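If you want the building blocks of each chain, they are given just below.
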Amino acid sequence: MEKLDLTSVPVVDNHCHGIFLDQGFEDIASWRGAFTESTDPGMARDHVATTAFYRRLTRTLAGFLGCEPEEQAVFAARSEKEGREFAATLLHAANIDTLLVDTGFPPPRDVLPVPDFGKLGGCGAEPMLRLEVLMERLLGENDSLTGTGEALDAALDDVRAQGYVALKSIAAYRTGLDIREWPRDEAEDSFREYKRDAEAGSARLVHKPLLDTLLHVAFARAARQEVPVQFHVGYGDADTDMLLGNPLYLRGVLQRPDYRGMPVVLLHECYPYTRQGGYLAAVYENVYLDLSYGIPLLGYGEMLAFTRAALGVAPASKLMYSSDGIVVPELHWISALDGRRVLGEALGEMVSRAELALPEAETAGENILRTNARRLYGLG
Ligand SMILES: [Zn+2]
């Protein structure tokens, strides 16, 4: 079989998060916690170490650190290193062109600021604006739905001039991707309910008619500016209702002719809905599919399977690499290694089957890892 060597292609990591300022972990279980989406305490303690992802991570890290491929040895070797220096070594080894950072989580006070993150990795770093965080702030500052909508509209005036390369929505986590248009009185009721809940101490925006209504304000703005909007889709922690995380629920948004100027990026290969996401990228001109190799935390075979599925249905010009790395630099690093390797193998298979010529496959690999994102987000 043809094997493509993409190891020297720098990646644009089109969706990731910051890493903790403090990279010290008091014990193995707390470090393991960075490699699961489960918040159940027994998972990190008893089960994470047996996942395919974690086995591959510890073995690959052992090779990098020059220690035994055992969890204890890897954790000890990692803990000996100065946190930032260790992060810098991993990020440089990952050969990153640019990091696009979702600044909505973890809270900015806990993570390396975006420019410092780039400096540490010897790469570019650009922030993205999480819509729900902005909405919650504006809801706290306004006492009517109309006022909040106008404030949101104003806050999203010229997103790029404010330094953001994209918007991000976690509607899938909050109220589902079936983002609807609500009668005004229902949206007003929802606003009042939000205010009551906020006064009682919970300012979390989980009020569907209100969130949907505000999202439409944001989409209109994004469409006019042709600013990409990233949607969390599929795999996440137990907070997300995976039934409502199916990208097919976005039809109501995708069918709006006035939103066609808004590039829609479906994150995390929509796992496990990769085929559905790939279908949308094949049918709607403005839909792109993100291929994330850090999180979801998968075994090699499963990464190869979703990559084949994506390449099999979506145009290669619509696919973009990411890590969804968060908290620790190990995720940003191993994702870059795995992404190049998996993509090289899946494209190599297409060459073997004479679906692609070798130079075409090489170009597709470079585009998915780097060039498609540079173009879509207007980097440099
Ligand atoms: Zn993310």
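Each chain carries its own residue numbering, running from 1 in the direction its sequence is written. With the structure being a predicted model, the display of local features is reserved for residues of pLDDT at least 70 and the display and counting of side-chain atom pairs for 80 or more, all residues being used for whole-chain, interface and lining totals. Derived side-chain values reflect all non-hydrogen atoms in the structure, with water molecules and hydrogen atoms excluded from consideration.

(A) Structural view of the overall build of the chain. Within the chain one finds 16 helices and 8 strands. Here the C-alpha radius of gyration of the chain, 21 Å, is about what a compact globule of 380 residues would show, namely 21 Å. By principal-axis analysis of the C-alpha atoms, the chain measures approximately 60 × 50 × 35 Å. Only protein chains enter the accessibility calculation, which uses a 1.4 Å probe; a residue is then buried when its area is under 20% of its type maximum, exposed when over 50%, and partly exposed in between. For the chain, the residues scored as buried account for 57% of the 380 residues in total. Here, two residues are considered to be in contact whenever any of their heavy atoms come within 4.5 Å of each other. For the chain, restricting intrachain contacts to residue pairs at least 6 apart in sequence, the fraction spanning at least 24 positions comes to 80%. Total accessible area computed for the chain in this model is approximately 15,600 Å², and 50% of it derives from carbon and sulfur atoms. Numbering of helices and strands runs from the N terminus, with a helix taken as a DSSP run of H or I at least four residues long and a strand as a DSSP run of E at least two residues long. Atoms counted for the radius of gyration: C-alpha only. Globule rule: 2.2 Å times residue count to the power 0.38. Values of accessible area rely on a 1.4 Å probe in the Shrake-Rupley scheme; residue burial ignores everything except the protein chains shown.

(B) Structural detail: unusual backbone geometry. Following Phe105, the chain continues into Pro106 via a peptide bond in cis, with omega recorded as -5°. Its place among the elements puts Pro106 in the loop between β2 (96–102) and α6 (114–121). Omega for the peptide link from Ile295 to Pro296 comes to 5°, which places this bond in the cis form. Positive phi values are uncommon outside glycine, yet Asp158 reaches one of about 55°. With respect to the helices, strands and loops of the structure, Asp158 is situated in the loop between α8 (145–155) and β4 (167–169). Among the residues examined, Asp158 registers a relative accessible area of 39% and is labelled partly exposed. Backbone geometry places Asp324, a non-glycine residue, at a positive phi of 55°. Looking at the element boundaries, Asp324 is found in the loop between β8 (319–322) and α15 (329–352).

(C) Quick peek at the sheet that holds strand β1 (residues 11–16). Criterion used throughout: strands pair if DSSP finds at least two bridges between them. Ordered in space as β1-β2-β3-β4-β5-β6-β7-β8, the 8 strands form an open sheet in which the pairing is parallel. With one partner strand each, in any of the chains shown, β1 and β8 form the two edges of the open sheet. Geometrically, the sheet is characterised by an average inter-axis angle of 30° between neighbouring strands, direction not taken into account. Two strands pair when backbone bridges link them, and β4 and strand β5 (residues 229–231) are joined in this way by 3 bridges, in the parallel orientation. Bridge pairing in β5 places Leu167 opposite Val229. Lying over the sheet, helix α14 (residues 300–313) contacts β7 (287–292) and β8, oriented at roughly 160° with respect to β7. Orientation is described by axes fitted as lines to C-alpha atoms, over the contacting stretch for helices, and by angles from 0 to 180 degrees between their N-to-C directions. Contacts from α15 reach β1, β2 and β8 within the one sheet, and its direction differs from that of β8 by about 140°.

(D) Quick look at the coordination of the zinc ion. Coordination of the zinc ion by the protein comes from His15 (NE2), His17 (NE2) and Asp324 (OD), over a distance range of 2.1 Å. Each donor residue of the zinc ion belongs to the same chain, with the gaps between them written as H-x1-H-x306-D. By the burial criterion, His15 is buried, and His17 matches it. Each metal site lists N, O and S donors within 2.8 Å (3.2 Å for Na, K and Ca). With water left out of the atoms, a site can look as if it is missing ligands.

(E) Here's a closer look at the packing of helix α10 (residues 184–199) against helix α11 (residues 208–225). The N-to-C vectors of α10 and α11 enclose an angle of 115°; their axes lie 7 Å apart at closest approach. In this view, α10 runs roughly perpendicular relative to α11, as classed from their interaxial angle. For the pair α10 and α11, the sense of crossing is left-handed. Where α10 abuts α11, its residues Arg184, Glu186, Ala187, Ser190, Phe191 and Tyr194 lie against Lys208, Pro209, Leu210 and Thr213. When grouped by side-chain class, the residues that make up the contact of α10 with α11 number 5 nonpolar, 2 polar and 3 charged. Should an angle lie under 35 degrees it is considered roughly parallel, over 145 roughly antiparallel, and from 65 to 115 roughly perpendicular; all remaining angles are considered oblique. Here is the rule for handedness: rotate from the far helix to the near one, and if that takes an anticlockwise turn smaller than a right angle the crossing is left-handed, while a clockwise turn gives right-handed. Residue polarity follows a fixed list, in which Ala, Val, Leu, Ile, Met, Phe, Trp, Tyr, Cys and Pro are nonpolar, Asp, Glu, Lys and Arg are charged, and the others, Gly among them, are polar.

(F) α6, seen in detail. Residues Val114, Phe117, Gly118, Leu120 and Gly121 constitute the buried set of α6. With its buried residues spanning 160° around the axis, α6 presents them on a single face. Residues of α6 that are exposed and point more than 90 degrees away from the buried face comprise Pro115 and Lys119. Those residues of α6 hidden inside the fold are in contact with β1, α5 (83–94), β2, β3 (124–130) and α15. Residue Gly122 follows α6 closely and has a positive phi angle near 60°. What the arc covers is the set of directions going from the helix axis to the C-beta atoms.

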